[in-house]
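# Structural characterization, general
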Amino acid sequence: MPRNGFPPGTFVLIVTRLMFYLGVQAAYFIGIVGVLTYELKASTMALAAAVGIFNLCIIVANACSGTLLDVKGPRVHTAATVVIVVASCLAYQLVDVSVASVLAMSAAFGFSCGMGYPYLTAYPAYLTHRSGELQQVNALLSVASNAAVAVGPAIGGVIASVFPAQRVFVFSAVLGAVAIIPTAILLKRIDAVGVRRLHGLEGEVVERADTAGQGDADETAGSVLTLEKGTFGDSVRIVMKSSVLSLLFWGGVLAYAGYGAFDPLESLYYRDVLHVGIAWMGWLSSAAGVGSFVGAMLSLRVPSSWVNVRTLLLLIALQGAACLLYVGTPFVACALAGQILLGCAFGMITPLQNTLVQMRAPKHLLGRVNSVMSAGFNGAGAIPLLAAPVLADMFGVQTVLVGASAFVLIVPIVCVAAFVHHFEILFIVKNFSLAKHLALG
């Protein structure tokens with residue numbers, strides 16, 4: 001067992017993730033959404049387009065990065081990520097601010113964000129295969145990520161208070177360049193035998209652990225899955241054939257569909273309902289980051305018996321309830337409290353979800369399985385983008401946000417009920433079959 005219970009390379013992976021994600025949090029909300037809302041006075045359709053393009057490019061980049069990581073390994077993936085992050089941020093400084101240039105940056109920055117996603121979702125499996133260590137590594141990664149959510153927007157707010165908001169991306173470029181140092185150390189820490197284990201296993205046999213907490217309806221106890229190939233299509237089939245992975249996928253898709261209304265309308269809620277300036281976009285986002293940091297720290301103490309799908313879905317429901325507090329009033333104090341609670345739930349959700357996927361997915365397909373998950377979540381978040389501006393014109397920004405929050409609250413509760421009902425039926429069928437067998441015997 002490694003010292004302190006963490007596998008070698010854990011802390012350089014955390015620093016790597018922190019540096020990339022800190023740049024994202026400092027730049028995106030203020031440098032893209034804030035510029036459109038406050039500097040360009042763009043329409044809700046332009047805001048929806050920017051968010052939609054951003055999410056679409058994340059999906060494309062996740063597919064590319066997952067495949068690149070699985071096929072070419074961490075070195076090629078890391079080199080590509082650093083180059084794309086730095087180049088996109090610096091290129092934005094060479095153009096005049098306009099709706100077209102902001103939309104172009106939304107695409108480029110979305111792609112660079114997607115390229116860095118595997119540091120959170122896949123790289124822990126390069127360091128260890130033990131479930132307890134995975135849970136701890138993912139929890140610490142979530143702590144670092146949510147520290148970035150707390151600090152990044154505040155830094156972006158300070159930069160935007162002194163310089164044009166476009167300059168927040170210079171900060172991201174600098175962090176991306178400096179991240180070369182921890183990534184170089186990380187790559188040295190990744191054991192060559194472990195890499196061969198992840199990438200060279202034709203016909204790999206993957207044991208199916210009971211991570212749902214109640215068994216797996218479509219996979220009998222002790223069953224194994226033999227894979228002859230590692231294509232992206234195989235990853236989709238893995239997700240859909242596993243009741244745990246598919247429930248993670250569809251529950252997340254439906255919940256994220258509710259969040260899709262937030263992205264194009266949230267800045268309008270700040271401006272028109274809360275009546276606060278652009279810097280408050282940073283402060284309120286930082287409040288969510290503080291809550292996320294607390295939630296991630298709490299996730300370090302989650303008992304192993306709670307590492308299951310039901311816990312995850314209930315946390316998503318809690319997040320929906322926090323959203324209602326966040327957008328349900330015209331008061332900044334309530335929005336601040338809602339953001340903290342929202343962040344706390346999110347801080348516990350991310351490591352739990354990543355641990356469940358890493359425990360269920362075949363290791364040599366992990367990058368692509370996570371790409372499937374991310375494609376579903378980001379795609380679902382893009383679904384309401386066209387409807388949200390229209391509904392906001394009809395019913396008001398705040399009404400739409402409250403409705404979206406209620407959707408996020410209700411969907412996981414329904415999924416939990418369906419999940420329990422599903423396994424109750426399975427239990428009855430299995431016991432009936434056993435009783436029948438004993439009677440005949």
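Before any of the text, the structure's been laid out above.
Attention in this report is confined to the structure presented alongside it. (Residues numbered from 1 in each chain as written. Predicted model: local features only at pLDDT ≥ 70, side-chain atom pairs only at ≥ 80, totals over all residues. Heavy atoms only, no water.)

Attention now moves to helix α4 (residues 99-116). The end-to-end C-alpha separation of α4 is 26 Å, in line with the 26 Å expected for 18 residues at 1.5 Å each. Contact partners of the buried residues in α4: α1 (10-39), α2 (44-72), α3 (74-92), α5 (118-121) and α8 (168-178). (Helix = DSSP H or I, 4+ residues; strand = E, 2+ residues; numbered from the N terminus. Expected span 1.5 Å × (residues − 1). Contact = heavy atoms within 4.5 Å.)

A separate point is the packing of α3 against α8. Closest axis-to-axis distance for the α3/α8 pair is 8 Å, and the angle between their directions is 155°. One element, α3, and the other, α8, form an angle in the roughly antiparallel class. α3 and α8 meet at a crossing whose hand is left-handed. Of the residues in α8, those in contact with Val82, Val85, Val86, Cys89, Leu90 and Tyr92 of α3 are Phe169, Ser172, Ala173, Gly176 and Ala177. Among the residues making up the contact of α3 with α8, the classes are represented as nine nonpolar, two polar and no charged. (Axes fitted to C-alpha atoms, helices over the stretch in contact; angles between N-to-C directions. Parallel < 35°, antiparallel > 145°, perpendicular 65-115°, else oblique. Left-handed = near helix turned anticlockwise from the far one by under 90°. Nonpolar A, V, L, I, M, F, W, Y, C, P; charged D, E, K, R; others polar.)

Here Thr10 is to be found in helix α1. Here the side chain of Thr10 touches Pro7 through a polar contact of 2.7 Å, landing on its backbone oxygen. Not counting residues within four places of it along the chain, the set of residues in contact with Thr10 comprises Leu127, Val137 and Leu140. (Polar contact = N/O pair within 3.5 Å; in protein donor to acceptor, adjacent residues only side chain to side chain.)

On to the environment of Trp280, then. Examined against the element boundaries, Trp280 turns out to sit in helix α14 (residues 279-299). For Trp280, a relative accessible area of 31% puts it in the partly exposed group. When the C-alpha atoms of Trp280 and Tyr270 are compared, they prove to be 7.8 Å apart, with ten residues separating the residues in sequence. (Buried < 20%, exposed > 50% of the residue type's maximum accessible area, 1.4 Å probe, protein only.)

Secondary-structure assignment places Ser292 in helix α14. By relative accessible area, Ser292 is classed as buried at 2%. Each residue touching Ser292, except ones within four places of it in the same chain, is listed here: Asn146, Gly343, Cys344, Phe346 and Gly347.

Right, let's get into the pattern of salt bridges. For side chains bearing opposite charge, pairing can occur when the charged atoms are close. On inspection of all chains with the given rule, the structure shows two salt bridges. A salt bridge links Asp70 to Arg368; the nearest nitrogen and oxygen atoms lie 2.7 Å apart. Of this pair, Asp70 sits in helix α2 while Arg368 sits in helix α17 (residues 366-382); the two residues are 298 residues apart in sequence, bridging distant segments of the chain. The salt bridge involving Arg271 is made with Asp272; its shortest N-O contact spans 2.9 Å. Overall, Arg271 belongs to the partly exposed group, its relative accessible area being 29%. Judged by its relative accessible area of 39%, Asp272 is partly exposed. (Salt bridge = Lys/Arg side-chain N within 4 Å of Asp/Glu carboxyl O.)

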